[in-house]
Amino acid sequence: MSTGPGADSAPAPTAPTSMFSSLRSRNYRLFASGQVVSNTGTWMQRIAQDWLVLSITGSASAVGITIALQFLPMLLFGLYGGVLADRLPKRPLLLFTQSAMGLAGLALAVLTLSGHVEVWHVYATAFVTGLVTVVDNPARQAFVAEMVGPKDLANAVSLNSANFQSARLVGPAVAGVLITAVGSGYAFLLNGLSFLAPVVGLLMMRTSELHKVERAPRGKGQLREGLKYVSAHPELIWPIVLVGFIGTFGFNFPIWLSAFVDDVFHGEASTYGLLNTLMAAGSLAGALLAARRGASRLRLLVGAAALFGLLEIVTAFAPSFWLFAALMVPIGMFGLTVNVTANSSVQMATDPAMRGRVMSLFMMVFTGGTPLGAPLFGWITDTYGPRVGFAAGGLISLAAAVTVGLVLARVGGLKVAVGWRRGHPEVRFVERRKLIPAA
């Protein structure tokens, strides 16, 4: 869609000329190169952090608390981060946030390598990282449009996810080897150093080649203005609602996978890294397919969310380790499809002057629900076992997808048609009137 003041006036997005069209921009190439290095470090830290907490406490609930603390600032302050991202120049802002996250990783490395680390140190570092992320996430999301412009925005959003998932292929595997060989401290050290790459990339950018985006002036009511804007556009609010349910209840993988490895399959840190790597392989495939599609449709979003929830339910009761591991690939693919499709749909339907606030709401809902979901599913997993916890998350995700799909069909003027196609029954949505362009 265009980046005009409303989705109703926006034309359909144009498909990119190639899967990697946004890489024609030098600034975006520098950004992507720096991000793949720091993302690899981030995934190493995530795996090491979860395993360290589990090793110290022996509790899935403690892992849930760590995750909750990391995402609690987004729930509390996420919208304010979006206001700052709309108001401040994004490149200097990102230089500050990326440097701060690197320092947080180095602090945890020093504590761990010196043998003084305690679980509350991990909690504190997770919370500080979360505070920085409040501003970093919306600024990074909105900065993509300044680097590539509206034509390649959907492609760049998909490649960002492919970038993140490529790092996810390497990070958990390296973290598993490091933890087994020398301990978690070196994973934290490499993560801290990895943030040098995006900082250098930001410093090397040509500011004259950035697309100019009007920044929001200082003023009262900007946060309320952002919420009002989203509530007036169903093509924004319902994808955000759906990813909120998926993020809160369906993406508690650090809890579930660490518990499955420890309690069900009796594995080690390398096994935990393997499961994360397999999920990342599916996620990378999903991101590259999204980059090739170019356009984002709400039908695809709802369908991917429903399949994601269904796969979680099936995987929860997998009888063997290798079947469980194999199912991580399609779970990663459909989970990433949900995230990318919702992200690009929302970005393309949003006015550029509102993008920081809208994306902060998107990220607040997607990741900010973790402080609610992670402790809850940590308790369910400890009390009733990993299989019940995993299946419960899948069931809620499936129910949310079906409910939002029916709402979007009603708002978009669609009706359910049941018929026969090639000798088989078929259920599909038929358009009565077009209210949501992206539906």
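K.L.:
Any details on the overall build of the protein? Residues and values, ideally.
P.N.:
In terms of regular secondary structure, the protein is built from 16 helices and 2 strands. By the burial criterion, 57% of the 439 residues in the protein qualify as buried. Across the protein, contacts joining residues at least 24 apart in sequence account for 83% of those joining residues at least 6 apart. Counting every atom, the protein has about 17900 Å² of accessible surface; 66% of that belongs to carbon and sulfur.

K.L.:
Outline the side chain of R91, listing residues and values.
P.N.:
Mapped onto the secondary structure, R91 falls in helix α3 (residues 90-113). E146 is the oppositely charged side chain nearest to the buried, salt-bridge-free R91, at an N-O distance of 9.1 Å. Aside from chain neighbours lying at most four places away, what touches R91 is F143, L202, L203, M205 and T207.

K.L.:
How would you sum up the pattern of salt bridges? Please name residues and give values.
P.N.:
Throughout the structure, instances matching the rule amount to 3 salt bridges. Ionic pairing is found between R140 and D136, a salt bridge with its closest N-O pair at 2.9 Å. Of the two residues, R140 and D136 both sit in helix α4 (residues 119-148), 4 residues apart, roughly one turn of that helix. Relative accessible area serves as the criterion here: at 21%, R140 is assigned to the partly exposed category. Here D136 falls in the buried class, since its relative accessible area comes to 1%. E209 is paired through a salt bridge with R206; the nearest N and O atoms lie 3.0 Å apart. Take E209: its relative accessible area is 36%, and that puts it in the partly exposed class.

K.L.:
Please set out the nonpolar core residue by residue, giving values where relevant.
P.N.:
Formed by 80 residues in total, the largest nonpolar core has its most connected members in L242, F324 and F390. In terms of residue count, the dominant contributor to this core is helix α13 (residues 321-348) (9 residues). Excluding its chain neighbours within four sequence positions, the residues that come into contact with L242 are L301, V302, A305, A400, A401 and V404. Counting residues in each nonpolar core, the second largest holds 25 residues, with Y28, A32, A145 and L202 among its members.

K.L.:
For a nonpolar patch on the surface, give the residues involved together with the corresponding values.
P.N.:
A cluster of nonpolar side chains, L75, L76, F77, Y80, L131 and L372, forms an exposed patch at the surface whose accessible area comes to about 560 Å². For L76, the position within the fold is in helix α2 (residues 60-87). Exposure remark for L76: the relative accessible area of 45% places this residue in the partly exposed category.

K.L.:
Help me get a handle on the packing of aromatic side chains, residues and values and all.
P.N.:
Per the stated rule, a full pass over the model turns up 20 aromatic pairs. For the pair F324 and F390, a centre-to-centre distance of 6.2 Å together with 65 degrees between the ring planes defines the contact as edge-to-face. Taken as a pair, F324 in helix α13 and F390 in helix α16 (residues 386-411) lie far apart in primary sequence, 66 residues in all. On the basis of relative accessibility, which here comes to 0%, the residue F324 falls in the buried class. We classify F390 as buried; its relative accessible area is 0%. The lysine or arginine in question, R46, covers the ring of W43, its NZ or CZ lying 4.8 Å from the ring centre.

K.L.:
Please give an account of the confidence of the model for the protein that cites residues and values.
P.N.:
Taken residue by residue, the protein gives an average pLDDT of 79. The fraction at 70 or more is 84%. Between the elements of the protein, mean pLDDT differs from a low of 49, seen in strand β2 (residues 424-431), to a high of 94, seen in helix α7 (residues 196-204). Here residues 1-17 is a poorly scored stretch, pLDDT under 50, and it has 39 contacts once near neighbours within four places are set aside; other chains count. This stretch, residues 433-439, has a pLDDT under 50; its non-local contacts, to residues over four places away or in other chains, come to 22 contacts.

K.L.:
Give a description of helix α9 (residues 234-250) that names residues and reports values.
P.N.:
If you check α9, its first and last C-alpha atoms are 23 Å apart, about what 17 residues at 1.5 Å a residue would give, namely 24 Å. Here α9 lies mainly inside the structure; 12 of its 17 residues are buried. Along α9, the residues that are buried comprise E235, L236, P239, I240, L242, V243, G244, I246, G247, T248, F249 and G250.

Rules used throughout
- Residues numbered from 1 in each chain as written.
- Predicted model: local features only at pLDDT ≥ 70, side-chain atom pairs only at ≥ 80, totals over all residues.
- Heavy atoms only, no water.
- Helix = DSSP H or I, 4+ residues; strand = E, 2+ residues; numbered from the N terminus.
- Buried < 20%, exposed > 50% of the residue type's maximum accessible area, 1.4 Å probe, protein only.
- Contact = heavy atoms within 4.5 Å.
- Areas by Shrake-Rupley, 256 points an atom, 1.4 Å probe, with all protein chains shown as cover.
- Lys, Arg positive; Asp, Glu negative; His and termini not counted.
- Salt bridge = Lys/Arg side-chain N within 4 Å of Asp/Glu carboxyl O.
- Core = buried A, V, L, I, M, F, W, Y, C linked by side-chain atoms within 4.5 Å.
- Patch = residues over 30% accessible without salt bridge, like charges linked within 9 Å, V, L, I, M, F, W, Y side chains within 5 Å.
- Phe/Tyr/Trp six-rings, centres within 6.5 Å; stacked < 30°, edge-to-face > 60°.
- Lys NZ or Arg CZ within 6 Å of the ring centre and 35° of its normal.
- pLDDT = per-residue confidence, 0-100.
- Expected span 1.5 Å × (residues − 1).

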